[in-house]
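Chain residues, written in single-letter form:
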Amino acid sequence: MKFATRLVHYDGSPGDPFHPMATPIYQTATFAQERADSFGQYDYTRSGNPTRRVLEDQIAALEGGSRAFCFSSGMAAIANVTHLLKAGDEIVADWDLYGGATRLFGEVLNRSGITVRYVDASEPGRVAAAMTPATRMVYVESPTNPLLRIVDLAAMAEIAHAQGALFCVDSSTMSPYLQNPLSLGADLVVHSATKFLCGHSDVTGGAVVVRDEALAREIYFLQNAEGNALGPFDCFLLLRGLKTLKLRMDAQQKNALLVAAFLAGHAGVPEVHYPGLPTHPGYDVQVRQARGGGAVLSFRAGSAKAATQIAEETKLFRIAVSFGSVNSTISVPLKMSHASTPLELQATRAIPEDLIRLSIGIEDSDELIEDLDTALRAI
Ligand SMILES: *Cc1c(COP(=O)(O)O)cnc(C)c1O
């Protein structure tokens, strides 16, 4: 079946005698056992829940994995994969990461003796040069957030595996509709399900997807041991949002390309970052490994003051962190989503203070462009 069909055609209620069209919300903490000395399929919702299992199986299928695991947030999913490592292990990561990931890597993992080294992964040679015998994981996002740089995922997988390290990709900016890192050699894919998987800004959630059975057992062990799985009602909302992933993404991506082209042609905009534009330095790699540029883009406003003014001038773009919703949003990453990045890293990460990030929604594209045009004129 094609992707559009698979989004709505799957068993959403395995074993249910009433065949509901929507997956039931099994809002229960415990499941009664028939016998005292053996468990049924489910015994306790931290360990497993039918609503969550339907969601996990659907995400695994869409991402081309064998198993997926859903967590209470994207950060909980990222924390889960880092717990595969132990003291003395090292992560080599691209420097342009979600601010929360940088915080976790620098201020939490260090407490358990795990070191993270940042490199520019858009140049594979730099990652290869940074690998040491202690490197147990290569960790990247692509496209990166908020600079929309492209990392060659197949090249990263090769470099990681040559060293016997795991390769983990945060694919939140693309969703399984546009990119499938497992098919390019990744061992682990993480998503902030809060973004495109949900699409409606009404759930925080995360997912880890794997192909390898042994890795799946470890991820499940950690999920159950640490108790950060997604609750049944949030799983239901995610299942509902997920059904329209293709419709939303097609509309949002189409709008994003139009907005990017408008900004690229605007005299007041010195720089636009959108991997769907052929002028983007990572365009060729993106065409090879993904199916479009997505619906997130960023551009420079000329000055920090102009960036703040533009964000406040726009009417249809609401000022908000996060991305991937049906609503268009605007943010100044250095002041918002990436404000938690330690100052010494901010210097090396080079996120310009005049950078504006847009997440494009499903609104009318002419009205979105008009809104930006008016805001750009006003400064
Ligand atoms: C938002 C985001 C996260 C964190 O997800 P939460 O659901 O907010 O915890 C991780 N990675 C990327 C790329 C994100 O955009």
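**Q** Can you tell me about the domain arrangement of the protein chain, naming the residues and giving the values?
**A** On domain assignment, one finds that the protein chain holds domain 1 (3-242) and domain 2 (245-378). Each of domain 1 and domain 2 has a C-alpha centre, and the two are 25 Å apart. Summed over both sides, the interface between domain 1 and domain 2 buries roughly 3400 Å², with carbon and sulfur atoms accounting for 61% of that surface. Interface area lost by domain 1 to domain 2 is led by Tyr177, Leu178 and Phe196, which between them contribute 22%.

**Q** Describe the sheet that holds strand E6 (residues 188-192), listing the residues and the values that go with them.
**A** The sheet built from 7 strands is open, its strands ordered E1-E7-E6-E5-E4-E2-E3 with mixed pairing. Strand pairing shows two members of the sheet lacking a second neighbour, strand E1 (67-71) and strand E3 (115-119), which therefore form its edges. Within this sheet the neighbouring strands show an average axis-to-axis angle of 20°, counted without direction. With respect to the sheet, helix H8 (residues 213-226) is in contact with E1, strand E5 (166-170), E6 and strand E7 (206-210), its orientation differing from that of E1 by roughly 20°.

**Q** Can you lay out helix H6 (residues 153-162) for me, pointing to particular residues and giving the numbers?
**A** What H6 keeps buried is the set Leu153, Met156, Ala157, Ile159 and Ala160. The buried residues of H6 occupy an angular sector of 165° when projected down its axis, which confines them to one face. With respect to the buried face of H6, the exposed residues turned more than 90 degrees away are Glu158 and Ala162. Contacts from the buried residues of H6 go to helix H5 (124-130), strand E4 (135-141), E5 and helix H11 (283-289). Gly164 lies just past H6 and shows a positive phi near 70°.

**Q** I'd like a rundown of the pattern of salt bridges, residues and numbers included.
**A** This model, assessed by the stated rule, comprises 15 salt bridges. The closest approach of N and O atoms between Arg53 and Asp57, which form a salt bridge, is 3.0 Å. Taken together, the residues Arg53 and Asp57, both in helix H2 (residues 50-63) and 4 residues apart, mark about one turn of the helix. A relative accessible area of 30% places Arg53 in the partly exposed class.

Scoring rules and cut-offs
Residues numbered from 1 in each chain as written. Predicted model: local features only at pLDDT ≥ 70, side-chain atom pairs only at ≥ 80, totals over all residues. Heavy atoms only, no water. Domains from an automatic or database assignment. Buried area = accessible area lost by both parts, 1.4 Å probe. Pairing = 2+ DSSP bridges. Helix = DSSP H or I, 4+ residues; strand = E, 2+ residues; numbered from the N terminus. Axes fitted to C-alpha atoms, helices over the stretch in contact; angles between N-to-C directions. Contact = heavy atoms within 4.5 Å. Buried < 20%, exposed > 50% of the residue type's maximum accessible area, 1.4 Å probe, protein only. Arc of directions from axis to C-beta. Salt bridge = Lys/Arg side-chain N within 4 Å of Asp/Glu carboxyl O.

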